[in-house]
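Architecture and fold: a report
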Amino acid sequence: MKKEFLLYCLFVLSFLIIFFYTIYAKIFEYLLDSTFSILIISFLLLFYKQLNLNRISFSLIFVALIFHDLGIFGFYNQSPFIFPYDNLTHFLGGFSLTILFLNYFSKFSNKNFNKYFLFLASFLCALGVGAVIDLVDYFGFLFLGEGQGVFYFGGTGDLINNNLGSAWINSSIDNLFNLIGALIGIMFYFIFKKVNKL
(Lines give C-alpha, C1' and ligand atoms only; values in the text may rest on other atoms or scores of the structure.)
Protein backbone atom coordinates (compact mmCIF):
# COMPACT_ATOMS: atom_id res chain seq x y z
CA MET A 1 0.00 0.00 0.00
CA LYS A 2 3.04 2.24 0.31
CA LYS A 3 3.34 2.69 -3.48
CA GLU A 4 -0.36 3.48 -3.71
CA PHE A 5 -0.01 6.14 -1.02
CA LEU A 6 2.92 7.71 -2.90
CA LEU A 7 0.79 7.78 -6.04
CA TYR A 8 -2.02 9.34 -4.02
CA CYS A 9 0.32 12.09 -2.74
CA LEU A 10 1.45 12.82 -6.30
CA PHE A 11 -2.16 12.98 -7.48
CA VAL A 12 -3.25 15.29 -4.65
CA LEU A 13 -0.25 17.54 -5.25
CA SER A 14 -1.29 17.85 -8.93
CA PHE A 15 -4.82 18.86 -7.93
CA LEU A 16 -3.50 21.32 -5.34
CA ILE A 17 -1.36 22.99 -7.99
CA ILE A 18 -4.49 23.47 -10.10
CA PHE A 19 -6.42 24.60 -7.01
CA PHE A 20 -3.91 27.37 -6.27
CA TYR A 21 -3.64 28.28 -9.95
CA THR A 22 -7.41 28.83 -10.04
CA ILE A 23 -7.01 31.37 -7.23
CA TYR A 24 -4.09 33.02 -9.01
CA ALA A 25 -5.95 33.11 -12.36
CA LYS A 26 -9.23 34.12 -10.68
CA ILE A 27 -11.15 31.30 -12.38
CA PHE A 28 -12.91 30.38 -9.18
CA GLU A 29 -15.32 27.83 -10.69
CA TYR A 30 -12.44 25.35 -10.95
CA LEU A 31 -11.91 25.50 -7.18
CA LEU A 32 -14.90 23.18 -6.89
CA ASP A 33 -13.52 20.86 -9.57
CA SER A 34 -10.06 20.45 -8.06
CA THR A 35 -11.57 20.03 -4.58
CA PHE A 36 -13.98 17.41 -5.92
CA SER A 37 -11.08 15.62 -7.64
CA ILE A 38 -9.16 15.46 -4.35
CA LEU A 39 -12.24 14.06 -2.61
CA ILE A 40 -12.73 11.39 -5.30
CA ILE A 41 -9.09 10.27 -5.27
CA SER A 42 -9.12 10.24 -1.44
CA PHE A 43 -12.28 8.11 -1.44
CA LEU A 44 -10.62 5.68 -3.86
CA LEU A 45 -7.53 5.38 -1.67
CA LEU A 46 -9.66 4.90 1.46
CA PHE A 47 -11.64 2.08 -0.17
CA TYR A 48 -8.78 0.80 -2.34
CA LYS A 49 -9.04 -2.85 -1.28
CA GLN A 50 -12.84 -2.93 -1.06
CA LEU A 51 -13.09 -1.57 -4.63
CA ASN A 52 -10.52 -4.14 -5.80
CA LEU A 53 -8.38 -1.37 -7.29
CA ASN A 54 -4.85 -1.67 -8.56
CA ARG A 55 -2.31 0.95 -9.54
CA ILE A 56 -3.50 0.98 -13.17
CA SER A 57 -7.18 1.55 -12.39
CA PHE A 58 -6.29 4.08 -9.66
CA SER A 59 -4.03 5.98 -12.06
CA LEU A 60 -6.59 5.94 -14.88
CA ILE A 61 -9.16 7.68 -12.68
CA PHE A 62 -6.52 10.28 -11.85
CA VAL A 63 -5.77 10.78 -15.57
CA ALA A 64 -9.48 11.32 -16.32
CA LEU A 65 -9.82 13.82 -13.46
CA ILE A 66 -6.61 15.74 -14.18
CA PHE A 67 -7.45 16.09 -17.87
CA HIS A 68 -10.78 17.60 -16.90
CA ASP A 69 -9.18 19.96 -14.38
CA LEU A 70 -6.57 21.06 -16.93
CA GLY A 71 -9.51 22.69 -18.71
CA ILE A 72 -8.68 25.71 -16.56
CA PHE A 73 -6.05 26.55 -19.17
CA GLY A 74 -8.75 27.14 -21.78
CA PHE A 75 -8.45 23.75 -23.49
CA TYR A 76 -12.24 23.36 -23.68
CA ASN A 77 -12.32 26.58 -25.71
CA GLN A 78 -9.20 25.99 -27.78
CA SER A 79 -8.17 22.35 -27.80
CA PRO A 80 -4.43 21.57 -27.97
CA PHE A 81 -5.40 18.57 -30.11
CA ILE A 82 -6.98 18.23 -33.55
CA PHE A 83 -10.27 17.20 -31.90
CA PRO A 84 -12.40 18.92 -29.24
CA TYR A 85 -10.95 18.65 -25.74
CA ASP A 86 -14.40 17.91 -24.29
CA ASN A 87 -14.53 14.71 -26.38
CA LEU A 88 -11.21 13.57 -24.91
CA THR A 89 -12.32 14.15 -21.31
CA HIS A 90 -15.54 12.19 -21.83
CA PHE A 91 -13.67 9.39 -23.57
CA LEU A 92 -11.19 9.17 -20.67
CA GLY A 93 -14.03 9.23 -18.15
CA GLY A 94 -15.89 6.36 -19.83
CA PHE A 95 -12.66 4.40 -20.28
CA SER A 96 -11.33 4.78 -16.73
CA LEU A 97 -14.70 4.21 -15.04
CA THR A 98 -15.24 1.02 -17.02
CA ILE A 99 -11.86 -0.31 -15.88
CA LEU A 100 -12.72 0.66 -12.28
CA PHE A 101 -16.09 -1.14 -12.41
CA LEU A 102 -14.62 -4.19 -14.18
CA ASN A 103 -12.04 -4.52 -11.42
CA TYR A 104 -14.70 -4.09 -8.75
CA PHE A 105 -17.18 -6.57 -10.20
CA SER A 106 -14.46 -9.11 -11.00
CA LYS A 107 -14.02 -9.79 -7.29
CA PHE A 108 -17.47 -11.39 -7.37
CA SER A 109 -16.47 -13.64 -10.26
CA ASN A 110 -16.96 -17.35 -9.85
CA LYS A 111 -18.24 -20.23 -11.92
CA ASN A 112 -21.81 -18.94 -11.57
CA PHE A 113 -20.92 -15.36 -12.50
CA ASN A 114 -21.16 -14.83 -16.24
CA LYS A 115 -18.26 -12.77 -17.64
CA TYR A 116 -20.63 -11.14 -20.13
CA PHE A 117 -22.69 -9.88 -17.21
CA LEU A 118 -19.46 -8.45 -15.75
CA PHE A 119 -18.86 -6.52 -18.98
CA LEU A 120 -22.48 -5.37 -19.29
CA ALA A 121 -22.74 -4.25 -15.64
CA SER A 122 -19.45 -2.33 -15.85
CA PHE A 123 -20.42 -0.76 -19.17
CA LEU A 124 -23.81 0.38 -17.87
CA CYS A 125 -22.35 1.69 -14.58
CA ALA A 126 -19.76 3.77 -16.46
CA LEU A 127 -22.46 5.21 -18.74
CA GLY A 128 -24.63 5.86 -15.69
CA VAL A 129 -21.90 7.92 -14.04
CA GLY A 130 -21.50 9.86 -17.30
CA ALA A 131 -25.24 10.57 -17.34
CA VAL A 132 -25.09 11.74 -13.71
CA ILE A 133 -22.28 14.14 -14.65
CA ASP A 134 -24.52 15.63 -17.37
CA LEU A 135 -27.28 16.02 -14.76
CA VAL A 136 -24.79 17.79 -12.47
CA ASP A 137 -24.11 20.16 -15.38
CA TYR A 138 -27.84 20.81 -15.71
CA PHE A 139 -28.47 21.36 -11.99
CA GLY A 140 -25.35 23.50 -11.83
CA PHE A 141 -26.88 25.69 -14.52
CA LEU A 142 -30.17 25.90 -12.57
CA PHE A 143 -28.62 26.74 -9.20
CA LEU A 144 -25.22 28.29 -9.94
CA GLY A 145 -25.76 29.81 -13.37
CA GLU A 146 -23.38 29.79 -16.29
CA GLY A 147 -19.69 29.18 -15.86
CA GLN A 148 -16.70 26.88 -16.28
CA GLY A 149 -16.13 23.48 -14.71
CA VAL A 150 -18.21 20.43 -13.90
CA PHE A 151 -20.59 22.20 -11.49
CA TYR A 152 -21.57 24.85 -14.01
CA PHE A 153 -23.01 24.83 -17.50
CA GLY A 154 -22.68 27.08 -20.48
CA GLY A 155 -18.93 27.44 -20.39
CA THR A 156 -16.66 26.58 -23.26
CA GLY A 157 -17.25 23.03 -24.39
CA ASP A 158 -20.94 23.10 -23.43
CA LEU A 159 -22.38 25.45 -26.03
CA ILE A 160 -21.83 26.07 -29.73
CA ASN A 161 -21.85 29.79 -30.60
CA ASN A 162 -23.49 30.55 -27.22
CA ASN A 163 -26.67 28.80 -28.40
CA LEU A 164 -28.50 27.09 -25.52
CA GLY A 165 -30.23 24.76 -28.01
CA SER A 166 -26.82 23.29 -28.84
CA ALA A 167 -26.75 21.87 -25.30
CA TRP A 168 -28.72 18.87 -26.65
CA ILE A 169 -26.01 18.26 -29.21
CA ASN A 170 -23.29 18.67 -26.60
CA SER A 171 -24.96 16.26 -24.20
CA SER A 172 -25.40 13.64 -26.93
CA ILE A 173 -21.78 13.97 -28.07
CA ASP A 174 -20.61 13.71 -24.44
CA ASN A 175 -22.58 10.49 -24.01
CA LEU A 176 -21.28 9.14 -27.31
CA PHE A 177 -17.67 9.62 -26.17
CA ASN A 178 -18.49 8.12 -22.76
CA LEU A 179 -19.82 5.09 -24.67
CA ILE A 180 -16.76 4.84 -26.96
CA GLY A 181 -14.46 5.10 -23.94
CA ALA A 182 -16.43 2.39 -22.13
CA LEU A 183 -16.29 0.01 -25.11
CA ILE A 184 -12.56 0.52 -25.57
CA GLY A 185 -12.15 0.11 -21.80
CA ILE A 186 -13.76 -3.33 -22.02
CA MET A 187 -11.42 -4.32 -24.87
CA PHE A 188 -8.41 -2.94 -22.98
CA TYR A 189 -9.42 -4.87 -19.84
CA PHE A 190 -9.97 -8.11 -21.77
CA ILE A 191 -6.60 -7.89 -23.58
CA PHE A 192 -4.62 -6.95 -20.47
CA LYS A 193 -6.41 -9.55 -18.32
CA LYS A 194 -5.23 -12.16 -20.81
CA VAL A 195 -1.63 -11.15 -20.14
CA ASN A 196 -2.30 -10.76 -16.38
CA LYS A 197 -1.61 -7.04 -16.21
CA LEU A 198 -4.94 -5.97 -14.64
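Anything mentioned here points back to the structure above.
Just so you know, these numbers come straight off a predicted model, no measurement behind them. (Residues numbered from 1 in each chain as written. Predicted model: local features only at pLDDT ≥ 70, side-chain atom pairs only at ≥ 80, totals over all residues. Heavy atoms only, no water.)

1. A look at the environment of Ala126
The criterion, for reference: Helix and strand assignments follow DSSP, with helices taken as H or I runs no shorter than four residues and strands as E runs no shorter than two, numbered in order from the N terminus. For every residue, the accessible area (1.4 Å probe, protein chains only) is compared with the maximum for its type, and the residue is labelled buried under 20%, exposed over 50%, or partly exposed between those bounds.
Tracing the chain through its elements places Ala126 in helix H5 (residues 115-144). In this structure Ala126 comes out as buried when scored by relative accessible area, which is 2%. Along the primary structure Ala126 and Ala182 are separated by 56 residues, whereas in three dimensions their C-alpha atoms are 6.7 Å apart.

2. Quick word on the nonpolar core
Selection rule: Among buried residues, those of type Ala, Val, Leu, Ile, Met, Phe, Trp, Tyr and Cys that are joined through side-chain atoms within 4.5 Å constitute a nonpolar core.
Residues Phe11, Phe15, Ile41, Leu44, Leu53, Phe58 and Ile61 are the most contacted members of the largest nonpolar core, which totals 42 residues. Going through the elements one at a time, helix H1 (2-25), helix H2 (29-46), helix H3 (55-69), helix H4 (85-106), H5 and helix H6 (166-194) are the ones with two or more residues in this core. The element that contributes the greatest number of residues to this core is H4, accounting for 10 residues.

3. Section: H1
So the rule is basically this: Given a helix with a known number of residues, its expected span is that number minus one, times 1.5 Å. Any two residues having at least one pair of non-hydrogen atoms within 4.5 Å are treated as being in contact.
In a regular helix each residue adds 1.5 Å, so 24 residues correspond to 34 Å; H1 covers 35 Å between its end C-alpha atoms and thus fits that length. Every buried residue of H1 is accounted for by Glu4, Leu7, Tyr8, Phe11, Val12, Ser14, Phe15, Ile18 and Thr22. Contacts from the buried residues of H1 go to H2 and H3.

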